[in-house]
Protein chains: 2
Amino acid sequence: MNITLLKLGGSLVTDKSHAYTAVPERIKLIADEIARAQISDPDLRLILGNGAGSFAHRSAAKYGTINGFVDENSLYGACVVHKDAIELNRIITEALLKKNIPVFSLQPSAFLMTNGKKLIESNLRIIEGMIQKKYIPFVYGDVIVDQLQGSTILSTDTIFAIIAAFLSTKGYHVRVIHAGNYPGVLDKDNNVIQKITPESFLEISSSLHENRIVDVTGGMKLKVEEMLKLTALGIESYILDGTQKNRIYQALLGKIKGTTISEK
Amino acid sequence: MNITLLKLGGSLVTDKSHAYTAVPERIKLIADEIARAQISDPDLRLILGNGAGSFAHRSAAKYGTINGFVDENSLYGACVVHKDAIELNRIITEALLKKNIPVFSLQPSAFLMTNGKKLIESNLRIIEGMIQKKYIPFVYGDVIVDQLQGSTILSTDTIFAIIAAFLSTKGYHVRVIHAGNYPGVLDKDNNVIQKITPESFLEISSSLHENRIVDVTGGMKLKVEEMLKLTALGIESYILDGTQKNRIYQALLGKIKGTTISEK
């Protein structure tokens, strides 16, 4: 069975320059593209995820949640960040449900736990069960309980990498699509890099264009690194511009316009 | 370590006679009582849960979610019910956070799965990890993925019973408090039954007063039956009236006014 993991980047679904601001018109257009892709390809099996954008990234930066319980406000702060993460996911969930997409919000911190930022609990049988019953699981970057430092954050990118690796070892054929508000991975001259492989990355990694807007979980370079790890499992990833009409729709049907990250 | 599971019943936090209507004034008062109890007893370790009330009970009844995928709307319906369940939990979470209570919403369907309504996945290590780090996990009645029938519903009562049994076998001393808008378990003459034991239940079960307002997960008798099962593990449960000022506060500090369900 083929499974597509589609991430709606924080830059795509929120206005990163304004705190707690979603972009409902764009979310609605994306929901429409996903709904149309499901009609065009009834065998499409999806897992969705959304970035935190101007929701949880703000509170996470304020409370330093990724590095754990550093002061007396950290425990409370971790709870606030988690609530913020749920909030954006809820807004998008409602838009998808309005288009009749059977999307089932799935809280990462309820099935993942870390110890010193290393994964120690990873209960992924339920996500597989959801897919078998044709639910579309919908995850998000989340506060994760850390047994050593109290809290950390796992980005949607990292959570997708965990899920993709699990499903791949279970025999599913997995691909990962990241839709943002940029045309792909850019070199320092702002040109889209068509393809990145583990080999080519060594040459270009120092010259990637980095977006300056705050992102507590690491930005483009970390994103590509997560995807490169997946190439060893035969998983291809794509980074594309979700603001361009039909680009997500076409990607879901296999036509990619953006950057491909693959083994060769 | 002592752990108290406190359920805020659907009848307490919502207006069951009006769809999708929370009772914010009451939720605020309850949040205040919990916050004061934490100050009075800094060793208080809590797990919270909320009933579905006039939120998910409505959609669950509409789509028949407890009995699975019965028609072509069931998959979509299960997703809607799940969204409704999250929505009420979110409203209460915000009220608790406003009182500085470190409450962490925890999605039951992300760590529990069933097959023909029997539990087959139950990943409870994370809830224990949360308590160890002093988070207050906050669960709710939820749509559960069922490998046989597609979906089912587990009530907060059942989820509490699962969590209480797990923590008890791990060596924690657990008690369960259910706060509703009724003074306790009532006999047919509307008098509060002070104590129910497995032995006394045999005599009184046929004459319990049942509330007529729709509750897809079973009402008072099922609630008491779940609690009676826990008595075999030495877990006491209490049913009390959360609308009465300070009754939750006092119960959290060990002073119960309502019905006690215990082994003897």
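Relevant structure appears above.
Description of the structure in this document. All values reported here derive from a predicted model rather than from experimental measurement. (Residues numbered from 1 in each chain as written. Chains lettered and ligands numbered in written order. Predicted model: local features only at pLDDT ≥ 70, side-chain atom pairs only at ≥ 80, totals over all residues. Heavy atoms only, no water.)

### Thoughts on the pairing of strand 8 (residues 150-154) of chain B
Threshold: The classification of residues rests on relative accessible area computed with a 1.4 Å probe and restricted to protein chains. Under 20% of the type maximum is buried, over 50% is exposed, and intermediate values are partly exposed. Each helix is a run of H or I in the DSSP string that is no shorter than four residues. Each strand is a run of E no shorter than two, and both are numbered from the N terminus. DSSP-based pairing: two strands are paired if at least 2 bridges between them are found.
Burial within strand 8 of chain B is extensive, with 5 of its 5 residues counted as buried. A loop of 3 residues connects strand 7 (residues 142-146) of chain B with strand 8 of chain B, the two strands running antiparallel in sequence.

### Brief notes about helix 3 (residues 56-63) of chain B
All names here are of chain B. This is how it is decided: The contact criterion used is simple: two residues touch if any of their non-hydrogen atoms lie within 4.5 Å.
Of all the positions in helix 3, only A56, H57, S59, A60 and Y63 are classed as buried. In this structure, the buried side of helix 3 is in contact with helix 4 (74-98) and strand 8. Where helix 3 ends, the next residue or the one after it, G64, has phi of about 65°, a positive value.

### Describing the interface of chain A and chain B
Just so we agree on the cut-off: Salt bridge, as used here, is a side-chain nitrogen of Lys or Arg placed within 4 Å of a carboxyl oxygen of Asp or Glu. Ten residue types, Ala, Val, Leu, Ile, Met, Phe, Trp, Tyr, Cys and Pro, are classed as nonpolar, four, Asp, Glu, Lys and Arg, as charged, and the remainder, Gly among them, as polar.
On the side of chain B, 44 residues touch chain A, which itself brings 44 residues to the contact. The interface formed by chain A and chain B includes 6 salt bridges. Measuring nitrogen to oxygen at the nearest pair gives 3.2 Å for the salt bridge that ties E87 of chain A to R90 of chain B. Within the residue set of the side of chain A that touches chain B, elements represented by two or more residues are helix 4 (74-98), strand 3 (103-105), strand 4 (112-115), helix 5 (125-132), strand 7 (142-146) and strand 8 (150-154) of chain A. At 13 residues, the largest contribution of residues to the side of chain A that touches chain B is made by helix 4 of chain A. Among the residues forming the side of chain A that touches chain B, the class breakdown is 23 nonpolar, 11 polar and 10 charged.

### A closer look at the side chain of T114 of chain A
Residues and elements named next belong to chain A. For T114, the position within the fold is in strand 4. A relative accessible area of 1% places T114 in the buried class. If we skip the residues at most four places from it in the chain, T114 touches L119, I120, I144, V145, D146, Q147 and T152.

### Quick look at the sheet that holds strand 3 (residues 103-105) of chain B
Residue and element names in this part refer to chain B. As summarised here, the arrangement of the 8 strands in space is 3-6-2-1-9-11-12-10, forming an open sheet in which the pairing is mixed. Across the chains shown, the open sheet's two edge strands, defined by having one partner strand only, are strand 3 and strand 10 (195-196). Direction of pairing for strand 10 relative to strand 12 (residues 258-261): parallel, over a ladder of 2 bridges. Pairing of K195 across the sheet is with T260, part of strand 12.

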